[in-house]
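Spelled out, the chains give:
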Amino acid sequence: MSSWLVEIALFSGCFPLLSKSNRLQKLVSKANNEENEDEIQMVDFPGGPKAFEICAKFCYGMTVTLNAYNVVAARCAAEYLEMTEDIDRGNLIFKIEVFLNSSIFRSWKDSIIVLQTTKSLLPWSEDLKIVGRCIDSIASKTSVNPMNITWSYTYNRKLAEQDKIVEDGVKFPEKIESVPKDWWVEDICELEIDLYKRVMIAVKSKGRMDGSVIGEALKTYAVRWLPDSVDALVSDAHAWRNKSLVETIVCLLPSDKGVGCSCSFLLKLLKVAILVGADEFSREDLVNRISLKLHEASVTDLLIPARSPQITKFDVELVQCIVNRFLIQEKSNWDMDVVEKNEKGTDNFVLGNGSLLSVGKLIDGYLAEIARDRNLTLSSFIDLSHAIPQSARPIHDGLYKAIDIYLKEHPSLTKVERKKICGLLDVKKLTMDASMHAAQNERLPLRVVVQVLFFEQVRASASARSLNNNPRDASRSTTNTDEECEKTAAENCRTLKKQMSQMRIKEEEFRKNGKLTKKNSKNSRSGIQLLPSRSRRIFDRLWVVAKGHGDNRSSESSGSSQSPTSMVPGDTKSSGSSSRHRRHSIS
């Protein structure tokens, strides 16, 4: 509160002031009897000269105009002057109280304006309970049924579809829209953080407000006051204010952590909390809340900038912590899910674990983003990938993409390191498109390419046999393909290992000798897409394995064992030669 000094010269015409102010009477009496002075001084007069002018006009019977902007100052000044009913009936304090109760506190926007003016008049406004009465008035109005709201309010945000209604039987051509539940959040955004906190606590204490509406109010306030740029967030002029703002918003979040704010908003709030150096409690609370709703996040939301002493671009350790807490929460629900699986069937079980599948897809996308960081260590990549259980990755296309990007951005990886990161991949869970890409990917280790080609061939063979056995039910054949693939893979696994041991050919030799040769489509009888030399030669050997264990179990050395890539007109290779020593040439 500003300090104001009001000097009053004593003269015969000041009697109206003395007749309504007990304080003035005591000051004048003291000045006449003890100090024998012609003037009196009033230090720290609340509201300053303008407030005193209102009181003086009232005493002299002049018209006084009160409104939401000056009523608090006038009330504090009247209290200072002790203009009570004991001195004169119908005095200024009584008049102002009537005005506050009959007009100000009944008005939505006037209550907010008055509350804003109380800050400059502390502690008078607090002692007179004006602040508390304004807060109670505002909180009570937010709890009113939206259907009964008749006063004006500010609403510039897009109205949600679920908040729109059209009354049946309305004869007006216009659509009648209901008042949204969060109609009040924009108006109170103009309050400073300390007053806003008290209003929100009062709103929550009423117990009538949904957590989602509370979350929307906090989000709107954060958007209103938090700057967009990082420089403005951490600037010396506003760092403390932003830190206080974030900590206040976090403490006002709904007590039920599973509802309220969206995961995207919580992650943005966490980023700001880290930048402004919010306290540990606020950050921990945000991490816990985010872990409960991680399945709603996007990859962009998870890109949290790393802070010193981390050398990576993004804070991978923090994301790892969030994922771990999410999985702990999921595991606590798995027992119930297993019961539901037994009662309702596998399909319901899978649908019930949709959040886990969403997080698996989310982390694969996040891995693809951070894989571009040259400072990301292999162990960090592998640890985060291992954090996701296999059940959350029914398809490995996203993981394959992330691994491929990491291999591309980290060309200095050793052979052992490339083998280690590719060990995360299950080639049986790759789709056809991903398998075709992997078969031609020179960055992958030779063993992985062999596995991809082998399982693609097994899958194709199983699909073909399924179609041949059930030509009239082709639509159902695809559902059995994976089962056939598993059976065929089990049968051929040992043979594949034997063939691999016999194929002691270095990868460098494949790259040196393997040149892709285009074949005329008219001479191609297999219709198989041409692959790079390394992949095609491996495919030729796998074709021998598959044919040797298929329906036509002829000898590996027979001519029918030749691969589609080697069956061209004019091929005079002897069928008696062993497949282990046969060399295929394409001209």
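Each value, and the rule that gives it
- Residues numbered from 1 in each chain as written.
- Predicted model: local features only at pLDDT ≥ 70, side-chain atom pairs only at ≥ 80, totals over all residues.
- Heavy atoms only, no water.
- UniProt positions renumbered as here; feature names shortened; annotations may be inferred.
- Salt bridge = Lys/Arg side-chain N within 4 Å of Asp/Glu carboxyl O.
- Helix = DSSP H or I, 4+ residues; strand = E, 2+ residues; numbered from the N terminus.
- Buried < 20%, exposed > 50% of the residue type's maximum accessible area, 1.4 Å probe, protein only.
- Axes fitted to C-alpha atoms, helices over the stretch in contact; angles between N-to-C directions.
- Left-handed = near helix turned anticlockwise from the far one by under 90°.
- Contact = heavy atoms within 4.5 Å.
- Nonpolar A, V, L, I, M, F, W, Y, C, P; charged D, E, K, R; others polar.
- Parallel < 35°, antiparallel > 145°, perpendicular 65-115°, else oblique.
- Expected span 1.5 Å × (residues − 1).
- Arc of directions from axis to C-beta.
- Disulfide = S-S within 2.5 Å.
- Phe/Tyr/Trp six-rings, centres within 6.5 Å; stacked < 30°, edge-to-face > 60°.
- Lys NZ or Arg CZ within 6 Å of the ring centre and 35° of its normal.

Under an unreviewed UniProt entry, the chain has the name NPH3 domain-containing protein and belongs to Fagus sylvatica. Quoted verbatim from the Pathway (unreviewed entry) field of UniProt, the annotation for the chain is "Protein modification; protein ubiquitination." In its Sequence similarities (unreviewed entry) section, UniProt records this for the chain: "Belongs to the NPH3 family."

S.K.: I would appreciate a short explanation of the pattern of salt bridges in the present structure.
M.R.: For side chains bearing opposite charge, pairing can occur when the charged atoms are close. Under the defined criterion, the tally for this structure stands at 20 salt bridges. Among the salt bridges present, the one from Asp-210 reaches Lys-181, with a minimum N-O distance of 3.6 Å. Taken as a pair, Asp-210 in the loop between α9 (193-205) and α10 (211-225) and Lys-181 in the loop between α8 (130-142) and α9 lie far apart in primary sequence, 29 residues in all. Of the residues examined, Lys-181 reaches a relative accessible area of 48% and is grouped as partly exposed. Note that Glu-280 and Arg-283 form a salt bridge whose closest N and O atoms lie 2.6 Å from each other. Of this pair, Glu-280 and Arg-283 are both found in helix α14 (residues 280-292), 3 residues apart, which corresponds to roughly one turn of the helix. A relative accessible area of 45% places Glu-280 in the partly exposed class. Through salt bridges that share partners, Arg-75, Glu-79, Glu-97 and Arg-133 make up one connected network.

S.K.: It is not clear to me how the packing of helix α6 (residues 108-117) against α8 should be interpreted in this structure. Could you clarify?
M.R.: Angle between the axes and distance between the axes are the two parameters that describe a pair of packed helices. Viewed as axis vectors pointing N to C, α6 and α8 meet at an angle of 145°, and their least axial separation amounts to 9 Å. Crossing geometry of α6 relative to α8 is assigned as left-handed. For the pair α6 and α8, the contacting residues are Trp-108, Ser-111, Ile-112, Val-114 and Leu-115 in the first and Ile-130, Val-131, Cys-134, Ile-135, Ser-137, Ile-138, Lys-141 and Thr-142 in the second. Considered class by class, the residues forming the contact of α6 with α8 number 9 nonpolar, 3 polar and 1 charged.

S.K.: Sorry, what's going on with the side chain of Thr-312 here?
M.R.: With respect to the helices and strands, the residue Thr-312 is situated in the loop between α15 (299-302) and α16 (316-344). Residue contacts for Thr-312: discarding those within four places in its chain leaves Ala-306, Asp-373, Asn-375 and Leu-376.

S.K.: Help me understand the environment of Glu-79 in this model?
M.R.: You can see Glu-79 is positioned in helix α4 (residues 71-80). With 58 residues separating them along the chain, Glu-79 and Ser-21 place their C-alpha atoms 9.4 Å apart.

S.K.: Help me out: how do you make sense of the packing of helix α18 (residues 354-370) against helix α20 (residues 397-409) in this one?
M.R.: Look at α18 against α20: their axes get within 8 Å of each other, and the N-to-C directions meet at 10°. Judged by the angle between their axes, α18 and α20 are roughly parallel. Contacts between α18 and α20 pair Asp-364, Leu-367 and Ala-368 from the former with Gly-398, Leu-399, Ala-402 and Ile-405 from the latter. Here the contact of α18 with α20 is built from residues that sort into 5 nonpolar, 1 polar and 1 charged.

S.K.: I'm lost on unusual backbone geometry in this one. Help?
M.R.: Glycine aside, a negative phi is what most residues show, and trans is what most peptide bonds show. With an omega of 5°, the peptide bond running from Leu-122 to Pro-123 counts as cis. As for its placement among the helices and strands, Pro-123 is situated in the loop between α6 and α7 (124-127). A cis geometry characterises the amide bond from Ser-308 onward to Pro-309, with omega recorded as 15°. Checked against the element boundaries, Pro-309 lands in the loop between α15 and α16. Its identity is not glycine, yet Glu-82 carries a phi of approximately 60°, on the positive side. Residue classification places Glu-82 among the partly exposed residues on the basis of a relative accessible area of 21%.

S.K.: So what exactly am I meant to see when it comes to helix α12 (residues 239-251) here?
M.R.: One turn of an α-helix holds 3.6 residues; hence residues three or four places apart share an orientation. The terminal C-alpha atoms of α12 lie 18 Å apart, and with 13 residues this matches the ideal 18 Å at 1.5 Å per residue to within 8%. Inspection of α12 places Asn-242, Ser-244, Leu-245, Val-246, Glu-247, Thr-248, Ile-249 and Val-250 among the buried residues, and these make up the whole buried set. Considering only its buried residues, α12 is in contact with α9, α10, α11 (230-234), α13 (263-276) and α14.

S.K.: What am I meant to see in helix α5 (residues 92-102) here?
M.R.: Inspection of α5 places Leu-92, Ile-93, Ile-96, Glu-97 and Leu-100 among the buried residues, and these make up the whole buried set. One face of α5 carries all of its buried residues, which in axial projection span an arc of 130°. If you follow the buried residues of α5, they end up packed against α3 (48-59), α4 and α8.

S.K.: Where do I start with the state of the cysteines in this structure?
M.R.: Covalent bonding between the sulfur atoms of two cysteines is what defines a disulfide. Throughout the structure, instances matching the rule amount to 0 disulfides. The thiol sulfur of Cys-59 is not disulfide-bonded, and the nearest other cysteine sulfur, from Cys-55, lies at 6.9 Å. Note on Cys-59: relative accessible area 9%, which makes it buried.

S.K.: Can you help me understand the packing of aromatic side chains in this one?
M.R.: Remark: the centre distance and the inter-plane angle together describe each pair of aromatic rings, the angle taken between the planes. Scanning the model with the defined rule gives 10 aromatic pairs in all. Each ring, one from Phe-381 and one from Tyr-406, has its centre 5.1 Å from the other, and the planes form 40°; the classification is tilted. With a gap of 25 residues between them, Phe-381 in helix α19 (residues 378-386) and Tyr-406 in helix α20 connect regions that are remote in the sequence. As far as burial versus exposure is concerned, Phe-381 and Tyr-406 are alike and both buried. By way of ring pairs, the aromatic residues Phe-45, Phe-52, Tyr-80 and Trp-124 are connected into one cluster. The residue whose ring lies beneath Arg-23 is Tyr-80, and the NZ or CZ to ring-centre distance is 4.0 Å. The positively charged end of Arg-224 is found above the aromatic ring belonging to Trp-225, 4.3 Å away from the centroid.

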